[in-house]
Amino acid sequence: MRRSVMIACGKYLPRNCVTNADLAKRIETSDDWITQRTGIRQRYLAGEGELTSDMATAAALAALEKAGLTGRDIDAVILATTTPDQTFPATAVTVQDRIGMGDRGFAFDIQAVCSGFIYALATADNFIKSGQIKRALVIGAERMSNILDWNDRTTCVLFGDGAAAVILEASEEGAGTTADRGVISTHLHSEGAQRGLLFVNGGPSSTQTTGVIEMNGKEVFRHAVTRMSEVVTEALVTNGLSSADVQWLVPHQANKRIIDATAEKLQLPPEKVVLTVSEHGNTSAASIPLALVTAVEDGRIKRGDLLLMEAMGGGLTWGAALVRW
Ligand code: ACO
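Each chain has its residues counted from 1, running along the sequence as written. Selection of residues for local features in this predicted model requires a pLDDT of at least 70, selection of side-chain atom pairs for listing and counting requires 80 or more, and totals for whole chains, interfaces and linings are taken over all residues. Based on all heavy atoms of the structure, the side-chain values leave hydrogens and waters out of the count.

Here the focus is the sheet that holds strand β4 (residues 76-80). Strand pairs in the sheet, formed through backbone hydrogen bonds, run parallel or antiparallel to each other. The strand order across the open sheet built from five strands is β1-β7-β6-β4-β5, with neighbouring strands paired in mixed fashion. Both outer strands of the open sheet, β1 (3-12) and β5 (106-110), are each paired with one neighbouring strand and no more. Between one strand axis and the next, the sheet turns by 20° as a mean value, whatever way the strands run. Should DSSP find at least two bridges between two strands, the strands are taken to pair. Here a helix means four or more residues in a row that DSSP labels H or I, a strand means two or more in a row labelled E, and each is numbered from the N terminus. Where β4 meets strand β6 (residues 135-143), five bridges bridge the pair, whose relative direction is parallel. Bridged to Val77 within β6 is Leu137. In what follows, residue pairs with any heavy atoms lying within 4.5 Å of each other are defined as contacts. A fitted line through C-alpha atoms represents every axis, and for helices the fit uses only the stretch in contact; the resulting angles, taken between N-to-C directions, go from 0 to 180 degrees. Lying over the sheet, helix α10 (residues 287-297) contacts β1, β6 and β7 (161-171), oriented at roughly 90° with respect to β1.

Two numbers describe how helix α7 (residues 217-238) lies on helix α8 (residues 256-266): the axes approach to 9 Å, and their chain directions differ by 40°. Here α7 is positioned oblique relative to α8, judged by the angle of their axes. For the pair α7 and α8, the sense of crossing is right-handed. Here Phe221, Ala224, Val225, Met228, Ser229, Val232 and Leu236 of α7 lie close against α8, whose contacting residues are Arg257, Ile258, Ala261, Thr262, Lys265 and Leu266. Each residue belonging to the contact of α7 with α8 can be placed in one class, and the counts come to nine nonpolar, two polar and two charged. When an angle is under 35 degrees it counts as roughly parallel; over 145 it counts as roughly antiparallel; between 65 and 115 it counts as roughly perpendicular; any other value is oblique. Throughout, a crossing is termed right-handed when the near helix is turned clockwise from the far one, and left-handed when it is turned anticlockwise from it by less than a right angle. Three categories are distinguished: nonpolar for Ala, Val, Leu, Ile, Met, Phe, Trp, Tyr, Cys and Pro, charged for Asp, Glu, Lys and Arg, and polar for the others, with Gly belonging to the last.

Okay, the domain arrangement of the chain next. All the domain ranges listed were derived from an automatic or database domain assignment. Taken as a whole, the chain is organised into domain 1 (3-171) and domain 2 (182-324). Distance between the C-alpha centres of domain 1 and domain 2: 15 Å. Opposite the 55 residues of domain 1 that make contact, domain 2 presents 50 residues. Salt bridge criterion: a side-chain nitrogen from Lys or Arg within 4 Å of a carboxyl oxygen from Asp or Glu. Across the domain 1-domain 2 interface, the total number found is two salt bridges. Across the salt bridge formed by Glu297 and Lys66, the nearest N and O atoms sit 2.9 Å from each other. In the analysis that follows, any N or O atom pair within 3.5 Å is treated as a polar contact, provided that within protein one partner can donate a hydrogen and the other can accept it, and provided that, for residues neighboring in sequence, both atoms belong to side chains. At the surface where domain 1 touches domain 2, the tally comes to 19 residue pairs in polar contact (both at pLDDT 80 or more). Here the side of domain 1 that touches domain 2 is built from residues that sort into 27 nonpolar, 16 polar and 12 charged.

Below, the structure is given as structure tokens:
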């Protein structure tokens, strides 16, 4: 039974760390308000001229180094981003070039906003399971700071920049049970009728500008808790598992209150939840892999642990992945 095993991961965060107190010097907000409503204490913001492709390439190279591989060993780059360098070409092809893949394999971007990493992971997993490729680099990378209205305190305090990458490799080991390593299942959903709750008010075919984020925060919050609880339950039930079988919930890092509410619905204690939103803010498609790499590097996530990843974002899109690390 063919499985996609996560063999290595790597991350990149820009140097510029901006605390809530720093933001309070620029707009009418406070550390107390941001911390209490969101759990965010700081975020990293990309430097001038630092592009999504730069951060994605750095994360990809870190993952390749950990795996002892080079770009010539990779068959596909699938990059989840909502902040590509340009309208086209895909940011993934820049990464393909920079990591030295030459004309080997293929590279493309995926746009599912904060659910982007789950969508990219599901896509790569299906390419591997079908036998079409052997190894994929799955990346989440964002420069959210470029699509924020820095005068809108209801949105600009929430987001950060960064990138993280995972290498997936085909494995024929095991019988494909939930005890075997690799991606066990992925679950994707969307509801286009809700696209007005969270969007960027510009784009190539509408305004010909990039635009900035607009959001109905309360409604997004409500949908996030409902949809993420639904989809993690779907992932567990599909595989005949319960939340007690899960070692780590690795959720999209949007807001600590959303994560707490989802974990509570699942009856997962806080000790089983990877929480990085306080340090990174909401990095959209990069948030799950950044949380994953952080917990792998600090030794919390160990080989064989069962990971439950979940996200919801603009679209609305939402999804989950059950992975044996
Ligand atoms: N600093 C200080 N005060 C603020 C700020 C701020 N940064 N932002 C808003 N306020 C004020 C408002 O103006 C309002 O003041 P008023 O009562 O005088 O009118 C007050 O704080 C309360 O505002 P609400 O919008 O009601 O605050 P709420 O409790 O809903 O929290 C928040 C807002 C944090 C945005 C919340 O709705 C939320 O987290 N929603 C989810 C949004 C999200 O995470 N989006 C990310 C993308 S989607 C995803 O990743 C899941």
